[in-house]
Amino acid sequence: MWLIGVRNLLAHRGRLVLTFVTVVLGVAFASGTLFFADSIGAAARAIRTDVAVLVAATPGEEDVEYDARPTLLPASQLPRLAAIPGVAATDGIVDGYAAVVGQDGKVARPAGFANDLIGTNWSETPRLRLVQGRAPAGPGEIAVEQVAARNGELTPGTRTTALHGAGTEEVTVVGIYLYQPALRDGPGRAPALAFDTTTAQRVLQKPDTFTSVELTAAPGVATRQLRDAVAATLPAGLVAHDGALLAEQSRQQEESDAGTTAQILLSFTLVALLIGATLIANTFAMLVGRRAREFGMLRAVGANRRQITMLVLVEAAGIGVLATAVGMVVGVGLALPMIDFAAGRDPVLGDTLHVTPRAILSSLAVGVLVTVLAAWLPARRAAAVPPVTALHGDLVLVPRAMRVRTILGLVLAVIATLFCLLGLLGNRPPFTVAGVVGAFTMLIAVVLLAAGLARVMLRLVAVPIRRRLLPRLAVENVMRNPRRTAATVSALLVGVALATGIAVFAASATQADLAAVERTVRAPFLAANIGGGQISQATLVRIRAVAGVTSAAPIRRETAGTGAETFSLTAVNPAAVGSLLNLELPTGTPDGLATGALAHESLAAEREWSVGDSVELTLNGQRVTVAITGLYADAALLGDGLLVSDDFAERHFRPGHGDTVLIGADADRSELRSGLEAALADRPDVRLYTPAQYASEEAGAFSILIRIATALLALALAIAVLGIVNTLALSVLERTREVGLLRAIGMHRRQVRAMITVESMLIVTVGGVLGIAVGILLGAMVQHAVLARPVTEATIPLSLALGAFAAMAVAGVVAAQWPARRAARTDVLEAMGTE
Amino acid sequence: MMTNQVAPVQALPASGAGSVAARVVGLSKVYGSGSGRVVALDNVDVLIPAGRFTAVMGPSGSGKSTLLHCLAGLDRPTNGSVYLGDTALESLSDSALTELRRREIGFVFQSFNLVPTLSAEENITLPLAIAGRRPDRGLLTSLVNALGLSQRLRHRPAELSGGQQQRVALARALVTRPRVVFADEPTGNLDSRTGAELLRLVRHFVDENHQTVVMVTHDPAAAARADEVLFLADGRLRDRLSAPTVEQVLHRLAALDEGRS
Ligand SMILES: Nc1ncnc2c1ncn2[C@@H]1O[C@H](COP(=O)(O)OP(=O)(O)OP(=O)(O)O)[C@@H](O)[C@H]1O
Ligand SMILES: [Mg+2]
């Protein structure tokens, strides 16, 4: 039996190519993802472990009471800490906002995925490892992080500008370093540049202060004990962290980051495999159908059902093993550039390929199991063929599950519709959740009903071309095997629906941002720091000096707490409200800002504050009491905490001028723009925006979603192309005689090709239209839930939709190429002789 | 025995456009090579008179289908020439040949003549649809009426009897007003009464419309409805008979067998 299986495999290899390619692709995605995750995850274990205790002012998790003190350690703490028994060395660290300008005049982005930009001080510890040049030795010298150096084309000797909160420095790059953090708290960020310690203290914080201290332990001293010893000596507001614990946390963080990435990629893979399995099942059903006679013969000479089933399964397993092997090789090819990319962004991530047994075994299981499972049903049906029937000739294995499927689909569609209608009733949780549930249920329902829906749609398509025989012939051909068409259509449908859903959500979110900014910001321009730093006094003065500028109102932010909970505090000049800012105040007037604080309505509701209450906050270590004088509704730029006046900020905030400045003007816009640009010329880290530009920049966060949507669409189309090639190739094979007849009575080769191409386009159109329709529903419901916007306000990204249609048209034509060519080559006499 | 041998067909008169629908000259068709070499047609000269009903008979494997396929431009000869009217087929490209099949030739196969997804009417008009032409309604109606298909036009092939299917195929072959209709055992899958009915219809179109028809058959009764019968054996044209009767056909066939053995 095994021998026959292997022989069959070889004999039918041409027909099995598609199955093979499908499995290879699925396995390549899966194994590539696993290899990638294992490789970058492996490096997380290489995180530094030499730090025994980290002393910092930032509140740790053990803190119960929020107590934001000034976050700096006096330099005098350093020798004291060094004297504690068990401490081997101290590394005083200064972190603060800073950026370095690259050769192109733009800010050079360092390694890591965070937007915030920071600079640090140089110290001779493993924290910064010199890879080129030397350490900065005084003012006017900096070392640059290696990715930033690459991005900004900076090498030792390059003269450039360092930007920081207090101003700018003309500096020379003297070294390039690799950053090796002891603590990673989320997507990594590396300091882009390092000054010598004295300069760093001056430009990043205050002279003679540090932001944190890393302590190393003398040999044989346990980190836990050292931490306790250090903690006992610390003044209030400073916390000692166990370095071993931090390293462990960092490692876990790192692994879960890698895990999350892998999960996202794997879910793509899962979609790919699911669709792949359908394709494989189709191919096997077809092969089995064509070989019914052979099976009948085997049955007649005494093979039992189990043996026939085994025969088919052996073939499937054979393909599965071979394709998986090839797929894993392709997977390595996929993983390598991904690893390179990730390591390029963040050197802490591993840059060497780790092929773990776990990944190999999982890929093998995926490839072989999917193939065997996909072949299982057709195999069972093949075995059920009575020998006599089989000997009669070709046999179409008629599926029986269609009716059950349709009924289930209809029931789900009704439920989905009800839930969606429920979703329309309100913009709050029970309704929004119902909407999302409804949309996803609808997706499942549409997949189940794909055959029927395809039929209806094709009938509709056929109406205008009823009189044109050839297009109708194509329509009929597509409808001939509804199950197969449905499988092909659903493959496309699911991918397109998910991609469209994501795109609609992203576009709606962007639109919501834009609407919020346009509603709130009346200023014609605003300037904002791109790295989370403060706008310097000098910059502010220069903006105010530009001809035509009537006012410049900085927006300052701080975090405040009541009890253990924190919220944001935003400060603006009360005079700006009304002129530069439009505030919607459900209660109170803008004047309230001068005498107290306006509370965001949701915060007020949560804390049960009402107008007239006095609230006590902890702010930078002080206790401050403010009166609530009004409530404000959602507003861009202003957060969802308390809104206070700039006078209040002057008294209680840390010094600075905020990261955003609203600019009022009475001059012509374009003239003003050039003036402002000139004023900001020395600060590449401060960007000038119109409100609309600012909104779209903010929405840049969603561009990753758009990219995911595009990737998903591409994947869906790639798989759809395979599916269509598969379906059409099988269909052409089954219609050999018919194509021969058509050629005999005068159909040109190109007409045959056109017919097959139209069939392909029909499948793509049905899948695409259904997918986009369901996708819009998905996107609308999700944005409804997440953004609390009405369902009807969902934004449909037209350009993406048109692009998708264009891509699908191309995919349809591409998919038709090979089957169409094969059909057109049909030899008339041979075809007519086919039994 | 030699008396049964027809005289070789002479070079044909060029003026014969009205009288000669198709002819083959020195036609040979060889399949395979070496030990698997099969000579299906061996230097055959045949003339198909226009407006007449010609039957082709002969033992199985004698090359009847091959001859028909070469005449209809479905197959290319190894040697010799095929003329449809005045057109030499060997000079035509595949697409010109396709065009010629579409315009000048009707074909009825033994089985599987129809596209299963199209209705009877659509199958009939298919060659016109392929050519992007509209059917001549008058011709269509008269064809359909003559073939007794008017009640069956909306049915799909699967819903038609074998005889009805062959009548649809005949209608399709006739709808383009082709120069020649070729039929390869069109009654082969039909019972004798149904077959006789189909032949009556073929005869009708030859008599009424001067339609040229060439039909391969194994049935002497069918051949007897033709104006002339060509007898093939071992790839050679061995005999021809005008205004045949069933007895004459049987007799000639027997003689053919004798000649072979
Ligand atoms: N494609 C082919 N390849 C090889 N040999 C062929 C091919 N087609 C026909 N032949 C051979 O050519 C010879 C003539 O075949 P043809 O089909 O013309 O016979 P026929 O007279 O139509 O027979 P029948 O009455 O059985 O239909 C036969 O010996 C056949 O085996
Ligand atoms: Mg034959």
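Residues numbered from 1 in each chain as written. Chains lettered and ligands numbered in written order. Predicted model: local features only at pLDDT ≥ 70, side-chain atom pairs only at ≥ 80, totals over all residues. Heavy atoms only, no water.

Under an unreviewed UniProt entry, the name given to chain B is ABC transporter ATP-binding protein, and the source organism is Plantactinospora mayteni.

Identification of chain A as ABC transporter from Plantactinospora mayteni is taken from an unreviewed UniProt entry. Listed in UniProt under the heading Subcellular location (unreviewed entry), the comment for chain A reads: "Cell membrane". (UniProt positions renumbered as here; feature names shortened; annotations may be inferred.)

J.: Sorry, what's going on with the site of ligand 1 here?
T.: All names here are of chain B. Close to ligand 1 lie 13 residues, the nearest being Ser-60, Lys-64, Ser-65, Thr-66 and His-218. Note that an oxygen atom of ligand 1 is positioned 3.5 Å from one of the side-chain N or O atoms of Glu-185. Taken together, the elements giving at least two residues each to the shell around ligand 1 come down to strand E2 (38-49) and helix H1 (64-71). Top contributing element to the shell around ligand 1 by residue count: H1, with three residues. (Near = heavy atom within 4 Å. Polar contact = N/O pair within 3.5 Å; in protein donor to acceptor, adjacent residues only side chain to side chain. Helix = DSSP H or I, 4+ residues; strand = E, 2+ residues; numbered from the N terminus.)

J.: I keep staring at the interface of chain B and chain A and nothing clicks. Help me out?
T.: Interface size is commonly expressed as the accessible area that is lost once the parts come together. Between chain B and chain A, the contact holds 26 residues from the first and 22 residues from the second. Surface buried jointly by chain B and chain A totals about 2300 Å² across both partners, of which 65% is contributed by carbon and sulfur atoms. On the chain B side of the contact with chain A, Phe-112, Thr-117 and Ile-130 of chain B bury the most area, a combined 25% of that side's loss. Counting across the interface, chain B meets chain A through three salt bridges. (Contact = heavy atoms within 4.5 Å. Buried area = accessible area lost by both parts, 1.4 Å probe. Salt bridge = Lys/Arg side-chain N within 4 Å of Asp/Glu carboxyl O.)

J.: When you look at the pairing of strand E9 (residues 228-233) of chain B in this model, what are you seeing that I'm missing?
T.: On a regular strand, each side chain points to the face opposite its neighbour's, so the side chains alternate between the two faces of the sheet. All names here are of chain B. Here E9 lies mainly inside the structure; six of its six residues are buried. Residues Glu-228, Leu-230 and Leu-232 point to one face of E9 and Val-229, Phe-231 and Ala-233 to the other, with burial holding for every one of them. As paired strands, strand E3 (residues 53-57) and E9 are joined by four bridges and run parallel to one another. Following the sheet pairing, Met-57 is matched in E9 by Phe-231. (Buried < 20%, exposed > 50% of the residue type's maximum accessible area, 1.4 Å probe, protein only. Pairing = 2+ DSSP bridges.)

J.: Where do I start with a nonpolar patch on the surface in this structure?
T.: All names here are of chain A. A grouping of Ile-407, Val-411, Ile-415, Phe-419, Leu-422, Leu-425, Val-433 and Val-437 is seen on the molecular surface, where their side chains present a nonpolar patch of about 660 Å² in accessible area. Sorting the residues of the nonpolar patch by element identifies helix H12 (402-424) and helix H13 (429-448) as the ones contributing at least two each. Broken down by element, the nonpolar patch gets its largest block of residues, five residues, from H12. Assignment of secondary structure puts Val-411 in helix H12. (Patch = residues over 30% accessible without salt bridge, like charges linked within 9 Å, V, L, I, M, F, W, Y side chains within 5 Å. Areas by Shrake-Rupley, 256 points an atom, 1.4 Å probe, with all protein chains shown as cover.)

J.: Help me out: how do you make sense of the domain arrangement of chain A in this one?
T.: Residues and elements named next belong to chain A. As assigned here, chain A comprises domain 1 (53-247), domain 2 (451-520 + 700-835) and domain 3 (525-689). If you look at the interface, domain 2 gives four residues, while domain 3 gives seven residues. In total, domain 2 and domain 3 occlude about 450 Å² of area from one another, counting both sides; carbon and sulfur atoms represent 50% of this. Sorting the residues of domain 2 by area buried against domain 3 places Val-517, Arg-519 and Thr-520 first, and these three jointly supply 95% of that buried surface. Counting across the interface, domain 2 meets domain 3 through one salt bridge. Residue Glu-584 pairs with Arg-519 through a salt bridge whose shortest N-O separation is 3.6 Å. Linking domain 2 with domain 3 are two residue pairs in polar contact (both at pLDDT 80 or more). When grouped by side-chain class, the residues that make up the side of domain 2 that touches domain 3 number two nonpolar, one polar and one charged. (Domains from an automatic or database assignment. Nonpolar A, V, L, I, M, F, W, Y, C, P; charged D, E, K, R; others polar.)

J.: Quick question: what am I supposed to make of empty space enclosed by the protein here?
T.: Summary: where empty space remains is shown by rolling a probe the size of a single water molecule over the atoms. Residues and elements named next belong to chain A. Within this structure, the stated rule accounts for 11 cavities of 30 Å³ or more. Put simply, the largest cavity is a space of about 110 Å³. Considering the residues around the largest cavity, the lining is formed by 13 residues, among which Thr-500, Ala-503, Leu-800, Ala-801 and Ala-804 are closest to the centre. Elements with a minimum of two residues in the lining of the largest cavity: helix H16 (482-520), helix H23 (703-734), helix H25 (749-787) and helix H26 (798-824). (1 Å grid on protein atoms, 1.4 Å probe; cavity = no way out; pocket = protein on both sides within 12 Å on 5 of 7 lines; lining within 4 Å. Points joined across faces, edges and corners; volume = space filled by probe spheres on them.)

J.: I tried to follow the confidence of the model for chain B on my own but got confused; where do I start?
T.: Should the pLDDT be low somewhere, the predicted coordinates at that spot are not to be read in detail. Residue and element names in this part refer to chain B. Averaged over every residue, the pLDDT of chain B is 85; the share at 70 or more is 92%. The low-confidence segment residues 1-17 (pLDDT under 50) makes 17 contacts with residues lying over four places distant or belonging to another chain. Interface scoring of the predicted complex returns ipTM 0.83; its pTM is 0.72. (pLDDT = per-residue confidence, 0-100.)

J.: Whenever I open this one, helix H10 (residues 357-383) of chain A confuses me. Can you help?
T.: Think of an α-helix as 3.6 residues a turn; residues three or four steps apart then line up on the same face. Taking 1.5 Å of rise per residue, the 27 residues of H10 of chain A would be expected to cover 39 Å, and the 37 Å separating its terminal C-alpha atoms lies within 8% of that figure. Of all bends in H10 of chain A, the biggest is about 35°, found at Trp-376 of chain A, and the proline Pro-378 of chain A comes one to four residues later. (Expected span 1.5 Å × (residues − 1). Bend = angle between axes of the 7 residues up to and from the residue.)

J.: I keep staring at the environment of Ala-240 of chain A and nothing clicks. Help me out?
T.: Residues and elements named next belong to chain A. Structurally, Ala-240 can be placed in strand E14 (residues 239-242). For Ala-240, a relative accessible area of 2% puts it in the buried group. Considering only alpha carbons, one finds Ala-240 and Leu-631, 391 residues apart in sequence, at a separation of 40 Å. Non-local contacts of Ala-240, meaning those with residues more than four positions away in its chain, are made with Val-53, Leu-54, Val-55, Arg-227, Val-230, Ala-231 and Leu-234.

J.: Before we go on, may I ask you to explain the packing of aromatic side chains in this structure?
T.: For any pair of aromatic rings, geometry is given as the distance between the ring centres together with the angle between the planes. One pass over the structure, following the stated rule, counts six aromatic pairs over all chains. When the ring of Trp-122 of chain A is compared with that of Tyr-177 of chain A, the centres are 5.8 Å apart and the planes differ by 70°; the resulting orientation is edge-to-face. Of this pair, Trp-122 of chain A sits in the loop between strand E6 (119-121) and strand E7 (128-133) while Tyr-177 of chain A sits in strand E10 (residues 167-179), and the two are 55 residues apart along the sequence. Across the pair, exposure class does not vary: Trp-122 of chain A and Tyr-177 of chain A are buried alike. Measuring from centroid to centroid gives 6.4 Å for Phe-648 of chain A and Phe-653 of chain A, while their planes differ by 90°, and the two rings are edge-to-face. Taken individually, Phe-648 of chain A and Phe-653 of chain A each receive the classification buried, so the pair is uniform in this respect. Three or more aromatic residues joined by ring pairs form one cluster here, namely Phe-107, Phe-109 and Phe-182 of chain B. Positioned over the ring face of Tyr-83 of chain B is Arg-23 of chain B, at 4.0 Å from the centre of the ring. (Phe/Tyr/Trp six-rings, centres within 6.5 Å; stacked < 30°, edge-to-face > 60°. Lys NZ or Arg CZ within 6 Å of the ring centre and 35° of its normal.)

J.: I'm lost on the sheet that holds strand E7 (residues 180-184) of chain B in this one. Help?
T.: Residue and element names in this part refer to chain B. Pairing is mixed across the open sheet formed by six strands, whose spatial order is E6-E7-E8-E3-E9-E10. Only two strands of the sheet have a single partner each, and these edge strands are strand E6 (105-108) and strand E10 (236-242). Ignoring which end each strand starts from, the neighbouring axes of this sheet average 20° apart. Relative to E10, E9 runs antiparallel, the two being bridged by six bridges. Bridge pairing links Ala-233 to Arg-236 in E10. Most of the contacts of helix H5 (residues 162-174) go to E6, to which it runs at about 170°, and overall it touches E6 and E7. (Axes fitted to C-alpha atoms, helices over the stretch in contact; angles between N-to-C directions.)

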